[in-house]
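# Descriptive analysis of the structure
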Amino acid sequence: LCLPKGVAVGLRGRLYIADTGNSRVLEYNLPLASQVANTVLGQGGDFASGDCNAAGLSPSRTLCNPSGVTVASDGRLYVADKVNNRVLEYDTPLRTNAANKIFGQTGDSYGCNAGGLGAGSLCNPSGVVTLSGNLFVADTENNRVLAYDLPHASNTAEHVFGQDGFIRNGPNGVGKRGLPSPLDVAIDRSTMPNRIYVADTM
């Protein structure tokens with residue numbers, strides 16, 4: 001591992017680690033029995049590679065400094081692919097190392113707010129979490145948290161926190177609701193309705 005920044009536990013106790021410095025996500029089938037990873041995402045299945053956007057890989061198979069991971073109740077894995085300014089969804093992460101859906105980018109683009117600031121853009125997303133299948137993303141450089149409702153028919157967010165619209169991204173732009181550089185999000189499922197917590201870093 002090199003500078004790991006995110007961890008998540010999935011179905012049947014499988015462990016996922018965002019191995020940030022190696023631009024990959026590692027999956028451990030039985031983490032308490034063996035500390036050797038079983039699957040690698042972001043490097044085309046190569047455990048010996050750690051390059052950002054490893055050469056020759058398609059957009060759905062590459063990662064660059066991923067920082068956050070979460071697993072939904074149905075087993076889908078979400079990865080905040082920070083430097084590529086996007087979030088990847090893996091529907092069956094143990095069967096293929098290719099993402100099934102990309103949030104924040106279209107095609108093979110990787111730029112911050114590619115196509116313009118809006119409900120479909122991201123800039124250095126850091127944290128991800130799911131609640132009842134809905135996806136929440138800490139969109140760090142845009143000073144906001146985006147929420148994508150099920151069934152994720154598009155890669156466009158339906159809700160924004162920290163801004164008074166999708167085309168604004170200034171820090172602390174809306175008083176008590178403002179966010180400067182949020183890094184992570186978490187869900188408190190012990191209360192109804194569930195609470196969302198945001199690490200409002202700056």
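Note that the structure is predicted; figures quoted are calculated from it, not measured.

Reading guide: rules and limits
- The residue numbering used here restarts from 1 in each chain and proceeds along that chain's sequence as written.
- Two thresholds apply to this predicted model, a pLDDT of at least 70 for residue-level local features and 80 or more for giving and counting side-chain atom pairs, whereas whole-chain, interface and lining totals are computed over all residues.
- Based on all heavy atoms of the structure, the side-chain values leave hydrogens and waters out of the count.
- Cysteine sulfur atoms that come within 2.5 Å of each other are treated as a disulfide pair.
- Under the scheme used here, helices are H or I runs from DSSP no shorter than 4 residues and strands are E runs no shorter than 2 residues, and both carry numbers assigned from the N terminus.
- Residue burial is assigned from relative accessible area. The probe radius is 1.4 Å, only protein chains are included, and a residue is buried under 20% of its type maximum, exposed over 50%, and partly exposed in between.
- When two rings of Phe, Tyr or Trp (its six-membered ring) have centres within 6.5 Å they constitute a pair, described as stacked for plane angles under 30 degrees, edge-to-face for angles over 60, and tilted for the intermediate range.
- A positively charged side chain is recorded as over a ring if its NZ (Lys) or CZ (Arg) lies within 6 Å of the ring centre. The angle to the ring normal must also be within 35 degrees.
- What is meant by a nonpolar core is a set of buried Ala, Val, Leu, Ile, Met, Phe, Trp, Tyr and Cys residues, joined one to another through side-chain atoms within 4.5 Å.
- Any two strands between which DSSP finds at least two bridges are classified as paired.
- Axes here refer to lines fitted to C-alpha atoms; in helices the fit is confined to the stretch in contact. Angles between the N-to-C directions go from 0 to 180 degrees.
- We define a salt bridge as a side-chain nitrogen of Lys or Arg found within 4 Å of a carboxyl oxygen belonging to Asp or Glu.

So, on to the state of the cysteines. By the definition in use, this model includes two disulfides. Here C52 engages in a disulfide with C64; their sulfurs sit 1.8 Å apart. One quick way to see it: the torsion about the S-S bond of C52 and C64 is about -105°, and its sign makes the bridge left-handed. Separated by 12 residues along the polypeptide, C52 in the loop between β4 (39-41) and β5 (68-71) and C64 in the loop between β4 and β5 bring together distant segments of the chain. Two residues, C112 and C123, share a disulfide whose sulfurs are 2.0 Å apart. What sets the handedness of the C112 and C123 disulfide is the S-S torsion sign, and at about -110° it is left-handed. Of the two residues, C112 is situated in the loop between β8 (101-103) and β9 (125-131) and C123 in the loop between β8 and β9; the sequence distance between them amounts to 11 residues. Numbered in order of appearance, the disulfide-bonded cysteines of the protein are paired 1-2, 3-4. Left without a disulfide partner, C2 is nearest to the cysteine sulfur of C64, which lies 13 Å away.

For T20, the location among the structural elements is in the loop between β2 (15-19) and β3 (24-28). Here T20 falls in the buried class, since its relative accessible area comes to 6%.

In the structure shown here, the tally under the stated rule is two aromatic pairs. Consider the rings of F136 and F161, whose centres lie 6.4 Å apart with planes at 40°: the pair is tilted. Here F161 lies in strand β12 (residues 159-161) and F136 lies in strand β10 (residues 134-139), a separation of 25 residues in the sequence. Note that K101 overlies the ring of F103, its terminal NZ or CZ placed 5.8 Å from the centroid.

As a further point, take the nonpolar core. V25, L63, V69, L77, V79, L88 and Y90 are the most contacted members of the largest nonpolar core, which has 14 residues in total. Of all the secondary structure elements, the ones that give two or more residues to this core are β2, β5, β6 (77-81) and β7 (86-90). Counting 12 residues, the second largest nonpolar core, distinct from the first, contains A72, L122, V137 and L146.

Taken in spatial order, the four strands of this open sheet run β9-β10-β11-β12, and their pairing is antiparallel. The open sheet has two edge strands, β9 and β12, and neither has a second partner. The average angle at which neighbouring strand axes cross in this sheet is 20°, direction not considered. The pairing of β9 with β10 spans six bridges and is antiparallel. Each bridged residue has a counterpart across the sheet, and for G127 the counterpart in β10 is A138.

For the coordinates displayed, the defined rule picks out nine salt bridges. Here D91 and R76 are joined by a salt bridge, their closest N and O atoms 3.7 Å apart. With D91 in the loop between β7 and β8 and R76 in the loop between β5 and β6, this pair connects stretches of sequence that are 15 residues apart. Residue classification places D91 among the partly exposed residues on the basis of a relative accessible area of 29%. The partner of R195 in a salt bridge is D188, and the shortest N-O contact between them spans 3.9 Å. A relative accessible area of 18% means that D188 is categorised as buried. Among the ionic contacts, a cluster of salt bridges with common partners joins D74, R76, E89 and D91.

So far we have only geometry, and geometry alone does not tell us how the molecule works.
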